[in-house]
Amino acid sequence: MLAGHLDRLDELSVNTSNEDSGSQSKSNIDSSLSDSNATGSSPKDSAEAEIIASKVSKQVFWLKMAVLLVLVLAAVLVATAVYLSTQRSEQNAFESAFQDDVVKVYDTFKFSVERKLGAIDSLSIAITSLAVDSQATWPNFTVPDFEFRASSIRELADAASVVLSPLVSDAERAGWEAYSVENAEWVEDAAEFLTGRRKLETEQVNGISKDIFEFKDGVDRTVDQSGEPYLPMWQSYPAIAGLVNFNMFSNSNFHDGIEAMLESEDAVFGKIWEIGGTDTALTEFFDVWELDGVFHREDPASKLFYPVFDSLQDGHKLVGALTAVINWETYFQEILPPHATGVIVVLENDCGQGYTYSVDGEEAHLVGEGDQHDSKYDYLSESISFSDLINPADRRIERFARVDVNHEYCPYHLHVYPSQDLEDDFVTNNAVIYTVCVIVIFAFTGLIFLAYDYTVETRQKRVMKRAVQSRAIVSSLFPAAVRDRLFRNDDSTASKGKNNKQANKSRIKSFLNDANQEQRPAPELRPIADLFPHTTVMFADIAGFTRWSSERDPAHVFTLLQTVYHAFDRIAKKRGVFKVETIGDCYVAVTGLPDPQADHAIRMAKFANECMKKMNDLVMMLKDSLGEDTAELCMRFGLHSGPVTAGVLRGEKSRFQLFGNTVNTAARMEHTGKRNKIQVSQETADLITDAGKGHWIFQRIDDIASRGGIQTYWVEPQSNAQEAKLKNAAPTRVAAKPGAPVDNSQRLIDWNVDILKRLLKRIVARRIDENTKSDPGAHFSLISEDGVTVRDEITSRINMPKYDKAKAKTDPQTIHLGEEVENQLREYVTMIEAMYHSNPFHSFKHASNVCTSANKMLNSIVDEDLFQRVSDPLTQFAVVFSALIHDLDHQGLTNMLLIKEKPHIAALYRNKSVAEQNSVDLAWNLLMDPEFEALQDTIFANNTDFLRFRKVVVNVVMATDIFDKELNGERNTRWLLAFDPSSRTVPMAPEEESEMRATIIIEHVMQIADVMHTMQHFHSYQRWNERLFEEMYNAFKSGKSTKDPSADWYEGEIWFFDNCVIPLAQRIKDVGIFGVQGDDCLKNAISNKKEWAVKGSSIVQQQIEKFVTTVDESVEGAIVSEVKKQEQKIQEAEKEKKQDPDKHLIEWNVDLFKRMLRQILAHRLAEGIETKESMLSLATTIKEGSMVRDEISRIIDFPVFDKKAAKLKVDPDTIELSKAVQDQLRDYVSFIASMYRDNPFHNFKHASNVSMAANKYMQRIIDDTLAQQMSHPLAQFAVIFAALMHDVDHTGVSNAQLVKEQKRIAVVYNNKSVAEQNSTDLAWSVLMDAEYKDLQVAIYGNAAEFERFRKLVVNAVMATDLFDEDLIADRNERWQAAFNEDHRDPSMSDKELENLRATIVMEHIMQASDIGHTMQHFHSYKRWNERLYCEVYASYEDGRLEEDPSKDWYEGEIKFFDQFVIPLAKKLNECGRFGNAGEDAFTSAQANRKEWVVKGVAIVSEFKKRYAEQKESEKKSS
């Protein structure tokens, strides 16, 4: 029974501690028990302990002995089994590996023999064929180019020599001897051939013999008188003149093998030839064989005799022989994998010869003569004969001469054995090791068992003490009545026969495991609850916590909560207050339970007051580590007294809960309270008054309606009534006066001083560790040339030494800076604060926030090398210092306005980065003042530190000018050089690369910190955005700015997100060096942009109502009305867009064309151009011409058009298009949209995007002449018109596929640019219809304009055929002629050159627009790439394509980038006509290609999966 109680007590302990702070240790629980004097034991508890102890008997002792005996027996049996099984497993692995090697030896040897036979066989066939073709008569035949043929055969067969010997009879001898001398020129040819390959040294070789000879006594050369048959050596490779006419049949080394070949007419392997012991006369010729390493004299060789026949037909006659000398070692090479230990191979024949080889990896080595294998491996011997390996029925290489191998003469056999090395690789000492381990494990288990037995016995002695402690825990968590009823409930449940007893720890584990906890049926649980009539409930909430936590890391949030709540828990324990729970930042407590407390209201008031004071102390202490605005946090308390129902609410997590109106009212008291105030209800105030503490109570006299008509009071506990009267002049129950305001500026100064002080200590500590010599009192100054500004000092790479915090020896906390340095630091920061203007945004508070964010970003770097460089104390000090001073003396104006407002300052800085340079100069001049000499000596000890500090400050502060295009372009270039090695034109040393990365990273850290409010929670972003709006509006209101910021603030913020914030966040995320922080920045930036897009209009309206106080009501009403109208228009447009996507695009295109038509008509009016020809006749003329492709013009006339001057003559905005023109234009665009097919990619939306991109490129041309040419109204209209119709009627397949399918349309256009010509013809034929005559007249007024419009459209549309080689070559040639002086036609006039440039640029604009998605953000590229994939894959599913595009989509995209996209973007960038647009296109293309290489494979799989899911969904819906 007591054990059951212990289980339940432990369970309850866990339940209640879970609802508590969750961080108290076991020691904390014990100490709390001791505090409550609950450690004593009752007689009943002692009796229960004695009952439990008496259960230990002799049976338990014998059971322990039996367990030990079983452990010993099990150890012996398991150890034996492990030893035997491990040993057998290794042996089996060894034997299996050997068997695998045997198979490899046999297979490789067989393949090697067949390859050598096949090579000689091919030469034999070639010789026979040549002899037959030349009608030669054997033996008088010389093989032409024998040296070339034999050289190849020799390499294939690994032969040292290949010799052709004709078969000569006595009758043929004389004729042969004469023939051999007369036709000996082949020797010279062979010598020339060899000379070209290697140098021969054959001085000892004699000339060619006139007679067939033999070597007498192995030395002298004598005429052979042995009689027929003769087999004289004739042609050989390598060529040896001295052996020509040597009768091989007469030599003992060759005789038997040749005889066997002549008898069987089969290939014969001769006896093993021991080269080292052969005749001296032959030996001297072998040097030639060894020159190129093919032959090794010390290795035995095989002699392969191969017959040569007079014909390839049946009934042929043997007329000669080919002899190949091959080392036996070559037969056993490349059998096993590299580094593999091998086997022993014994080669034997029936002629009594034998040799042993060791095969190790790919090499084979001669061991020695005879069988030298280890006899202990005889049981594994594997043997096979040549006749089994090589036979006519099983050939790896077919021999066309149908020559078999003679197995009768001196047959060979192979015997294979394992080596000791092979066995050592598999048979180890693991069996012994494993056995010892098993024995050790069992021995350890026995010891654990004995230790466990001792522990159990000891535990029995402490059962009573633990039971009493557990009972005390429940007593502290629940009222006594609740505790006893809880025990009775569990006892009654256990008594129903549910045998589910568990050990304490397993019960706790199952209780905490929600997924596995078994729930008992609700009807079996009797409710445990009581009514406590006299209690006071407190709700406490942290004011400002939501905003504060949204700007902090989770670790910082929990640091605050843990610190605060832990302190509250200690106060509650001291005051006798029962903590109920914490919910987020809300702390709930109650007095009057579990034990009644007559002074429950007084207790709770004192508790709340002490907690409030403790909170204020804690936030001041934590502000240094958690941020200066932590000090702004405080508590808000609400108290109410009355009855509550309290009890255990059981379920998956049992909890002690309070219920009733008292709880709800207390929560309402907190919710309607104020910061640093304790609000109490009437009931609580009455109880406090009745207790004689009425002087604590002050009536709340503000709007009572806001509190639901309830009268509430503030409570301020005091030590006695007299003290309250002295401190509060107000009478009882009258609101107390608010406290003095907090000096925020001073707090910010203190906070910044503290940060800089800590960094200074780290600087000094590092100097001590590195023994850096300082130069105190030195005069630090900058030596700058006249006219050099701060901006000129920006450097691409700063020397940043590494600093490893882990290896630091000196603790910075032990460093004492000295009173003088600390005073100067404080004075400097105070003066910096005074130099900041009272701007709503660009203020000292903003600078302090930037300091916090910069420090946070630096510490979040995960790249070890970069972290060590930016962790250098001087570098960190410089970055934080820069953050503090970067907006010094900011006027609340942009640089553009500052140039107008402060021309004298702007002139000093050449009208560039004015505010930033001014801030650096002011802060630097102040720092260099002699007044701060001690501070200077502490920051930089020598001139090196001084210069490095200056460089960091300059680079970091100048990085905050995010709108300077020049600085942005330079930073982008340095970013690519630092993180993209492919962008570098010259190699970069690792140290230089590391320093460049560190330099550009600290600049980006500063940029991020400066706009960090856009990457935090939306509340924080909204608050700072409001301040910036106020600042900009103040400038407008004061007349310094002529632009009302409220007019486009909503759109401006979206633009700022899209062009500055999100690209910056994306960059730091992609580089991956900021870890989770980089991900959070991008996620928050995107989230804020989305939320602003939804709420921005209403927020702007609120800001207008808040700040635009001086604007007339009518103007304000008009603004608000206009905002609402714009919102309504946007909503209607979005709704209409969803219902009919093409309609939205049609209207957009119609609007664009209207503007351009107005410009055309305005220009025509200004120039006096009149309409003279009929448009219908012009259309007929075009139709009678050639195909569209034939109309491509090399140069098109582009008149120069000055838009500003033209507008002065006739303003396009004053032109009103006739209703007929507008209707025809809308009808035409609608018709074009209807002619687009429902393709995923080549659709009307894609065409509209191309129109938009083309228009964008034309507007961003920076070359004056080219810009004026491209801005001509007719040229712009033609390009946009071409973009809109360039894919009309696109079938969703490529031109190549149309040609392959032999479509009629492909035949019509001669199989070239099929889709493009078809689109042009269709769109043009529609435009030329009489239905659109008014539109035609509006577009072109005469034949000249008509002709130029047609040329522009044709060239622009044909430019979209990216894969036609003829068109590509023509465009490249014209591009070179336009922009490369070396390729320019000298006869071309300046006007022709300008028109050529305009023509080719227009075509490249069209190309870049057509594939614009590849040069945009990766998300856009991925989205359009998926559409193209779906379009192509649909063609594959329809059977139009043979291969699944998924197979090479990944590689195809990379190829497309390398061959088309990047070269095109590079042209746009390098021609210098597009400014940042060209650079952006090139940079984006490279970035997309790089990201595709990394993610492409997964993305293709994702495409295919989504396509299949979409098709399945469509199938189900249909």
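Residues numbered from 1 in each chain as written. Predicted model: local features only at pLDDT ≥ 70, side-chain atom pairs only at ≥ 80, totals over all residues. Heavy atoms only, no water.

Caption draft 1: Structural context of the overall build of the chain. Check the secondary structure of the chain and you find 54 helices and 20 strands. Counting over 1518 residues, the chain shows a buried share of 50%. When contacts within the chain are restricted to residue pairs at least 6 apart in sequence, those whose partners lie at least 24 apart make up 78%. (Helix = DSSP H or I, 4+ residues; strand = E, 2+ residues; numbered from the N terminus. Buried < 20%, exposed > 50% of the residue type's maximum accessible area, 1.4 Å probe, protein only. Contact = heavy atoms within 4.5 Å.)

Caption draft 2: View of unusual backbone geometry. Of note, the bond from Tyr 237 into Pro 238 is cis; its omega dihedral lies within 30 degrees of zero at 0°. Assignment of secondary structure puts Pro 238 in the loop between strand S4 (235-237) and helix H8 (252-264). A cis geometry characterises the amide bond from Leu 593 onward to Pro 594, with omega recorded as 5°. Checked against the element boundaries, Pro 594 lands in the loop between strand S15 (586-591) and helix H18 (600-626). The backbone phi angle of Asn 245 is positive, close to 75°, even though this residue is not glycine.

Caption draft 3: The pattern of salt bridges, seen in detail. On inspection of all chains with the given rule, the structure shows 64 salt bridges. Residue Arg 797 is joined to Glu 995 by a salt bridge in which the shortest nitrogen-to-oxygen separation is 2.7 Å. Taken as a pair, Arg 797 in the loop between helix H22 (744-770) and helix H23 (819-835) and Glu 995 in helix H33 (residues 990-1010) lie far apart in primary sequence, 198 residues in all. Looking at Arg 797, the relative accessible area reads 33%, which means it is partly exposed. Using a relative accessible area of 5% as the deciding quantity, one classes Glu 995 as buried. Its salt-bridge partner being Glu 991, residue Arg 869 comes within 3.0 Å of it at the nearest N-O pair. One end of the pair, Arg 869, is in helix H25 (residues 864-870); the other, Glu 991, is in helix H33, and 122 residues separate them in sequence. Judged by its relative accessible area of 2%, Arg 869 falls in the buried class. Residues joined in a network through salt bridges with shared partners are Arg 766, Arg 767, Glu 770, Asp 872, Asp 945 and Arg 948. (Salt bridge = Lys/Arg side-chain N within 4 Å of Asp/Glu carboxyl O.)

Caption draft 4: Geometry of helix H26 (residues 873-885). The end-to-end C-alpha distance of H26, which contains 13 residues, comes to 18 Å, matching closely the 18 Å that a straight helix rising 1.5 Å per residue would cover. Within H26, 13 of the 13 residues are buried, which leaves the element mostly enclosed by the surrounding structure. (Expected span 1.5 Å × (residues − 1).)

Caption draft 5: Focus on the packing of aromatic side chains. Inspection of the entire model under this criterion finds 68 aromatic pairs. A centroid spacing of 6.2 Å and a plane angle of 25° characterise the contact between Tyr 1450 and Trp 1492, whose relative ring orientation is stacked. Remark: Trp 1492 occurs in helix H54 (residues 1476-1517) and Tyr 1450 occurs in helix H53 (residues 1449-1470); sequence separation between them is 42 residues. You'll find Tyr 1450 and Trp 1492 in the same group, each marked buried. Across the ring face of Phe 254, the terminal group of Lys 303 is positioned such that the distance to the ring centre comes to 5.6 Å. One residue, Arg 1027, lies across the ring of Trp 1024, its end atom 4.2 Å from the ring centre. (Phe/Tyr/Trp six-rings, centres within 6.5 Å; stacked < 30°, edge-to-face > 60°. Lys NZ or Arg CZ within 6 Å of the ring centre and 35° of its normal.)

Caption draft 6: Here's a closer look at a nonpolar patch on the surface. On the surface, Tyr 83, Leu 84, Val 432, Val 436 and Val 440 cluster together into a nonpolar patch covering about 420 Å² of accessible area. Of all the secondary structure elements, the ones that give two or more residues to the nonpolar patch are helix H4 (58-133) and helix H13 (430-477). When residues of the nonpolar patch are assigned to their parent elements, the largest contribution, 3 residues, is made by H13. Relative to the elements of secondary structure, Tyr 83 occurs in helix H4. (Patch = residues over 30% accessible without salt bridge, like charges linked within 9 Å, V, L, I, M, F, W, Y side chains within 5 Å. Areas by Shrake-Rupley, 256 points an atom, 1.4 Å probe, with all protein chains shown as cover.)

Caption draft 7: Local environment of a negative patch on the surface. Together, Asp 145, Glu 185, Glu 188 and Asp 189 make up a negatively charged patch on the protein surface. If you trace the backbone, Glu 185 turns up in helix H7 (residues 185-195). (Lys, Arg positive; Asp, Glu negative; His and termini not counted. Charge placed at Lys NZ, Arg CZ, Asp CG, Glu CD.)

Caption draft 8: Highlighting the environment of Ser 134. Take Ser 134: it is sitting in the loop between H4 and helix H5 (146-157). The class of Ser 134 is partly exposed, set by a relative accessible area of 45%.

Caption draft 9: How the structure looks around the sheet that holds strand S7 (residues 318-327). With antiparallel pairing, the 5 strands of this open sheet are ordered in space as S4-S1-S7-S6-S5. Unpaired on one side and paired on the other, S4 and strand S5 (268-269) mark the two borders of the sheet. Where strand S1 (residues 159-166) and S4 come together, 3 bridges link them in antiparallel fashion. Pairing of Val 163 across the sheet is with Ser 236, part of S4. Of the strands in this sheet, S1, S4 and S7 are in contact with H5, which crosses S1 at around 135°. (Pairing = 2+ DSSP bridges. Axes fitted to C-alpha atoms, helices over the stretch in contact; angles between N-to-C directions.)

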